[in-house]
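# Coordinates in review
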Amino acid sequence: MSIAENIARVREEIAAVCAETGRDPHEIVLVGASKMNDAAACREAVEAGIDALGENRVQEMTEKLRQHAYDGVPLHFIGHLQRNKVNKVVGQAALIESVGSLELLFEIEKAAAARGVVQEVLLEVNIGGEAAKSGFAPDALLAAASSAADQTHVRVRGLMTVPPADADRDTNMRYFHQVQALYVDMNAKLFHNECKYLSMGMSGDYQDAIRAGATMVRVGSAIFGARHYN
Ligand SMILES: *Cc1c(COP(=O)(O)O)cnc(C)c1O
């Protein structure tokens, strides 16, 4: 299957789930998670109408930016971002989806102010309470979002989450619903319901994420094929 065929199939799946739940498929942003796929593969996805591309490593992103891999679509940063690499991402990525601590948020604010830009971000929720994962604990989210709302060079556009990889389907679905509830609450209390993005769901569970209210899905292997780690 080609990348274009895979994207068409994922779009069909999204349309089917939207039909089932009475939602408009146009409100779902399809982000191609293009890590470990080369610039040619990224361009193929752009040609085939992907809405955005997402990278999770700064060095890979920087190299592929130089190769014009993402020309024509917004670039998202979706991986763990170290504070000392913030300068390489701010102003390059249209959306940093993975802001999981206030330290990182303030670093982004500083870098964006220095560049004279407003950086759009999502706050990442560590919904499974995993020690090895970054992200705000659910009970810390509202206070963090409130600090974020006070910044002048960072604009919060919503939430992102990656549930624990080993969760069964019901548990995974429960996590999605919990993050959706946090999103609705935060959006109403702090952002006049102007946040647009609830980013959750990957190749294995994007349909369930949409059922639970996701407006953005990050799909890698179902579009680009299996990744080959060496
Ligand atoms: C790799 C990645 C994805 C996509 O994963 P697939 O299972 O290949 O669809 C989504 N989100 C993040 C944060 C990723 O790093």
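It should be noted that the structure appears before, not after, this text.
In this text the structure is predicted, and so the values were computed from the model without any measurement.

What follows is about the overall build of the protein chain. From N to C terminus, the protein chain includes nine helices and eight strands. For 230 residues, the compact-globule estimate of 2.2 N^0.38 gives 17 Å, and the protein chain sits close to it at 17 Å. Dimensions of the protein chain, computed from the C-alpha atoms along their principal axes, are close to 45 × 40 × 35 Å. Counting over 230 residues, the protein chain shows a buried share of 50%. Look at the contacts in the protein chain between residues 6 or more apart in sequence, and 58% of them connect residues 24 or more apart. Accessible area of the protein chain: about 10800 Å², with a carbon and sulfur share of 49%.

This brings us to the packing of helix α6 (residues 141-149) against helix α7 (residues 169-190). Running from N to C, α6 and α7 cross one another at 40°; their axes reach a closest spacing of 11 Å. The angle between α6 and α7 falls in the class oblique. Helix-helix and strand crossings are classified by hand; for α6 and α7 the assignment is right-handed. Side by side, α6 and α7 meet where Leu141, Leu142, Ala145 and Ser146 of the first sit next to Leu182, Asp185, Met186, Lys189 and Leu190 of the second. Here the contact of α6 with α7 is built from residues that sort into six nonpolar, one polar and two charged.

Positioned with a positive phi, Met36 is a non-glycine residue whose angle comes to about 70°. As for its placement among the helices and strands, Met36 is situated in the loop between β1 (29-33) and α2 (39-47). In this model, His68 sits at a positive phi of 60°, which is unusual for a non-glycine residue. Of note, His68 is situated in the loop between α3 (58-66) and β3 (75-77).

Listed in full, the buried residues belonging to α6 are Leu141, Ala144, Ala145 and Ala148. Seen along its axis, α6 keeps its buried residues to an arc of 100°; they face one direction. Tucked inside the fold, the buried residues of α6 contact α5 (102-115), β5 (119-125), β6 (154-161) and α7.

Definitions and cut-offs
- Residues numbered from 1 in each chain as written.
- Predicted model: local features only at pLDDT ≥ 70, side-chain atom pairs only at ≥ 80, totals over all residues.
- Heavy atoms only, no water.
- Helix = DSSP H or I, 4+ residues; strand = E, 2+ residues; numbered from the N terminus.
- Rg over C-alpha atoms; globule rule 2.2 N^0.38 Å.
- Buried < 20%, exposed > 50% of the residue type's maximum accessible area, 1.4 Å probe, protein only.
- Contact = heavy atoms within 4.5 Å.
- Areas by Shrake-Rupley, 256 points an atom, 1.4 Å probe, with all protein chains shown as cover.
- Axes fitted to C-alpha atoms, helices over the stretch in contact; angles between N-to-C directions.
- Parallel < 35°, antiparallel > 145°, perpendicular 65-115°, else oblique.
- Left-handed = near helix turned anticlockwise from the far one by under 90°.
- Nonpolar A, V, L, I, M, F, W, Y, C, P; charged D, E, K, R; others polar.
- Arc of directions from axis to C-beta.

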